[in-house]
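Spelled out, the chains give:
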Number of protein chains: 2
Amino acid sequence: MPRKQFSRIPRHIGIIPDGNRRWAKAHDLDKKAGYDYGISPGFQLYETMLKYGVEEATFYGFTQDNTKRPKAQTEAFVKACVDAVEILAHRDANLLVIGNTNSSVFPKELLKYANKRVHFGRGLINLNFLVNYDWHWDLKQALNNTSMYDHIASADISRIDLIIRWGGRRRLSGFLPIQSVYSDFYVIDEYWPDFKEEHFVEALKWYQTTDITLGG
Amino acid sequence: MPRKQFSRIPRHIGIIPDGNRRWAKAHDLDKKAGYDYGISPGFQLYETMLKYGVEEATFYGFTQDNTKRPKAQTEAFVKACVDAVEILAHRDANLLVIGNTNSSVFPKELLKYANKRVHFGRGLINLNFLVNYDWHWDLKQALNNTSMYDHIASADISRIDLIIRWGGRRRLSGFLPIQSVYSDFYVIDEYWPDFKEEHFVEALKWYQTTDITLGG
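Residues numbered from 1 in each chain as written. Chains lettered and ligands numbered in written order. Predicted model: local features only at pLDDT ≥ 70, side-chain atom pairs only at ≥ 80, totals over all residues. Heavy atoms only, no water.

### Observations regarding the overall build of chain A
Inclusion rule: Strands here are runs of E lasting at least two residues and helices are runs of H or I lasting at least four, both read from the DSSP assignment and numbered beginning at the N terminus. The globule rule is 2.2 Å times the number of residues to the power 0.38, and the radius of gyration it is compared with is taken over C-alpha atoms. For every residue, the accessible area (1.4 Å probe, protein chains only) is compared with the maximum for its type, and the residue is labelled buried under 20%, exposed over 50%, or partly exposed between those bounds. Accessible surface is estimated by sampling points in the Shrake-Rupley manner with a 1.4 Å probe; for residues, cover comes only from the protein chains shown. We count Lys and Arg on the positive side and Asp and Glu on the negative side, and we leave His and both chain ends out. In plain terms, the charge of a residue is placed at NZ if it is Lys, CZ if Arg, CG if Asp and CD if Glu.
Helix and strand counts for chain A stand at five helices and seven strands. For chain A, the sequential pattern of α-helices and β-strands runs β-α-α-β-α-β-β-β-α-β-β-α. The C-alpha atoms of chain A give 17 Å as radius of gyration, which agrees with the globular expectation for 216 residues (17 Å, within 12%). Considered along the principal axes of its C-alpha atoms, chain A spans approximately 50 × 45 × 35 Å. In chain A, buried positions account for 56% of the 216 residues. For chain A, the exposed area adds up to about 9,200 Å²; of that, 49% sits on carbon and sulfur atoms. Distance between charge centres in chain A, computed from 28 positive and 26 negative side chains, equals 2 Å.

### Points about the sheet that holds strand β5 (residues 125–133) of chain B
Within a sheet, adjacent strands bond to each other through the backbone by hydrogen bonds, running parallel or antiparallel. Residue and element names in this part refer to chain B. Our working definition: What makes two strands pair is DSSP finding at least two bridges between them. Helix axes are fitted only over the stretch in contact, all axes being lines through C-alpha atoms; the angle between N-to-C directions runs from 0 to 180 degrees.
Across the sheet, which stays open at both edges, the seven strands sit in the order β4-β3-β5-β2-β1-β6-β7 with mixed pairing between neighbours. Strand pairing shows two members of the sheet lacking a second neighbour, β4 (117–119) and β7 (184–188), which therefore form its edges. Within the sheet, the average angular offset between the axes of one strand and its neighbour, ignoring direction, is 20°. As paired strands, strand β6 (residues 162–166) and β7 are joined by five bridges and run parallel to one another.

### Quick notes on the sheet that holds strand β6 (residues 162–166) of chain A
All names here are of chain A. Put simply, the rule is: Note on contacts: a residue pair is in contact if any heavy atoms of the two residues lie within 4.5 Å.
Pairing is mixed across the open sheet formed by seven strands, whose spatial order is β4-β3-β5-β2-β1-β6-β7. Since the sheet does not close on itself, it has two edges, and those belong to β4 (117–119) and β7 (184–188), each with one partner. The mean inter-strand angle of the sheet, taken between neighbouring strand axes irrespective of direction, is 20°. Helix α3 (residues 71–88) rests against β2 (56–63), β3 (93–98) and β5 (125–133) of the sheet, and its axis sits at about 150° to β2.

### Here's the deal with the pattern of salt bridges
All names here are of chain A. The condition is simple: Each salt bridge in this description consists of a side-chain nitrogen of Lys or Arg and a carboxyl oxygen of Asp or Glu lying within 4 Å of one another.
By the definition in use, this model includes 28 salt bridges over all chains. A salt bridge links Glu47 to Arg91, with the nearest nitrogen and oxygen atoms 3.1 Å apart. Of this pair, Glu47 sits in helix α2 (residues 39–52) while Arg91 sits in the loop between α3 and β3, and the two are 44 residues apart along the sequence. The class for Glu47 is partly exposed, based on a relative accessible area of 41%. Linking Arg122 and Asp92 is a salt bridge whose minimum nitrogen-to-oxygen distance equals 3.3 Å. Remark: Asp92 occurs in the loop between α3 and β3 and Arg122 occurs in the loop between β4 and β5; sequence separation between them is 30 residues. Residue Asp92 is classed as buried on the basis of its relative accessible area, which comes to 17%.

### Here we look at the environment of Thr209 of chain B
Residue and element names in this part refer to chain B. Filter applied, for reference: Polar contact is defined as a pair of N or O atoms within 3.5 Å, subject to the rule that within protein one atom must be able to donate a hydrogen and the other to accept it, and that residues adjacent in sequence are counted only when both atoms are side-chain atoms.
Note on placement: Thr209 falls in the segment after α5 (197–208). On the accessibility criterion, Thr209 (57% relative accessible area) is exposed. When the C-alpha atoms of Thr209 and Arg8 are compared, they prove to be 9.7 Å apart, with 201 residues separating the residues in sequence. A distance of 2.5 Å separates the side chain of Thr209 from the backbone oxygen of Trp206, its partner in a polar contact.

### Concerning the pairing of strand β3 (residues 93–98) of chain B
All names here are of chain B. The buried fraction of β3 is high, at six of six residues. Judged by which residues are buried, β3 turns out to be covered on both faces: Ala93, Leu95 and Val97 on one side and Asn94, Leu96 and Ile98 on the other are all buried. In this structure, β3 lies alongside β4, joined through three bridges in antiparallel fashion. Within β4, the position partnered with Asn94 by the bridge is His119.

### Regarding the packing of helix α2 (residues 39–52) of chain B against helix α3 (residues 71–88) of chain B
Each packed pair of helices is defined by two parameters, the angle between the axes and the distance between the axes. Residue and element names in this part refer to chain B. To keep it simple, the criterion reads: Left-handed describes a crossing whose near helix is turned anticlockwise from the far helix through less than a right angle; right-handed describes the clockwise counterpart. Residues are grouped as follows: Ala, Val, Leu, Ile, Met, Phe, Trp, Tyr, Cys and Pro are nonpolar; Asp, Glu, Lys and Arg are charged; all remaining types, including Gly, are polar.
Here α2 crosses α3 at 40°, and the two axes come no closer than 10 Å. α2 and α3 meet at a crossing whose hand is right-handed. Across the interface between the two elements, Ile39, Phe43 and Tyr46 of α2 pack against Ala80, Asp83, Ala84, Ile87 and Leu88 of α3. The class makeup of the residues in the contact of α2 with α3 is seven nonpolar, no polar and one charged.

### Here's the deal with helix α4 (residues 135–143) of chain B
Looking only at α4 of chain B, the buried set comprises Trp135, Trp137, Asp138, Leu139, Ala142 and Leu143 of chain B. Buried residues belonging to α4 of chain B abut α4 (135–143) of chain A together with β3 and β5 of chain B. Capping of α4 of chain B at its N-terminal end is provided by Asp134 of chain B; its side-chain oxygen lies 3.2 Å from the backbone amide nitrogen of His136 of chain B.

### Topic: the packing of α2 of chain B against α5 of chain B
All names here are of chain B. Applicable threshold: When describing relative orientation, an angle under 35 degrees is termed roughly parallel and one over 145 degrees roughly antiparallel, while 65 to 115 degrees is termed roughly perpendicular and anything else oblique.
Contact geometry for α2 and α5: axes closest at 10 Å, N-to-C directions at 40°. Our classification of the angle between α2 and α5 gives oblique. At the point where α2 passes α5, the crossing takes the right-handed sense. Packed against α2, whose contacting residues are Leu45, Thr48, Met49, Lys51 and Tyr52, the element α5 presents Glu197, Phe200, Val201 and Leu204 at the interface.

Function cannot be read off these values alone, since they describe shape.
As structure tokens, then:
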């Protein structure tokens, strides 16, 4: 089993699959065409994570800020998210879509999966998918509640051990601020549509070298 | 002027000066001795930031989680924070100490500076210093308030453009989750007591290559 190669597998991995538009540009395509090339890498990574025994993964779909982009691009990444979920429905994952559904950009096709966990097939991995996510919105759910920070909208998404970002940018871009406070952060310079299993393995290798102190 | 060397200077920089204990170990010293060697680099960096025209900087002092460390270490880093502020009081900065003062580990000497901005000398830079900071505590201040996320305890600390972390770890470790959502993150492998001005310049050089999209 590949997982025997490593003494530590991060239980929960955050995935920031960035670089779709830069990839399209580098391939002389319309920027909006890049998103469609991002779906197949997502399923390659899904298979890879099953193989290595990752228990939970959170994919950054799109944010409310992202929808300020040109309409054709917004339509393209929304469609890619819908297509990805429709393919996933035939696989073996427990899906949790987190995002603000009170907005016209939230795709109607995904309403039935929103803000509650849905079980597909043998449920081999917990997959969280941020769709029209906004960190303000996430935290505001807690603020409207009189009690505690575990009432944030994403309270069912657990602490993240490792965040892998494709596309070379070294930032969170609003990705789950609460769950990311102690995450190790690994950046792959290649664009997301050029995903290779080696990227993931390289991140795992690096993860072996990190310690876990949680500030202690 | 050194600042002319760069077309973009981050307005607000986050500083995670990590590696004091590993530095002490590498120098055959007691772990707790490392913190004292972290003060002088802090003032070198302060001078460097003034030279480059940085308007605001936030230093990670210590967190509530850090105080779970052995008593001798806790006493040593608390003392280093107090000493640093006492030196700073003779310089030219507007100091804002943010942290939970309802705790015996919050140093009494810093109570007079806590949770409000204090002006020293000519006030050439806004310096924020996290002392007994805890991100749960920070957000809970907003939750106890009926309105909005701008009531977090650290609401007076603005969005961070660039975070520089010394000591090689690639994570936020609970550093201001709200202000860090769009920050670019640069890691220096050397330990904090080995601070050199070149580290900062290297981070600025890298910062020139990043874009600022805020998700758009």
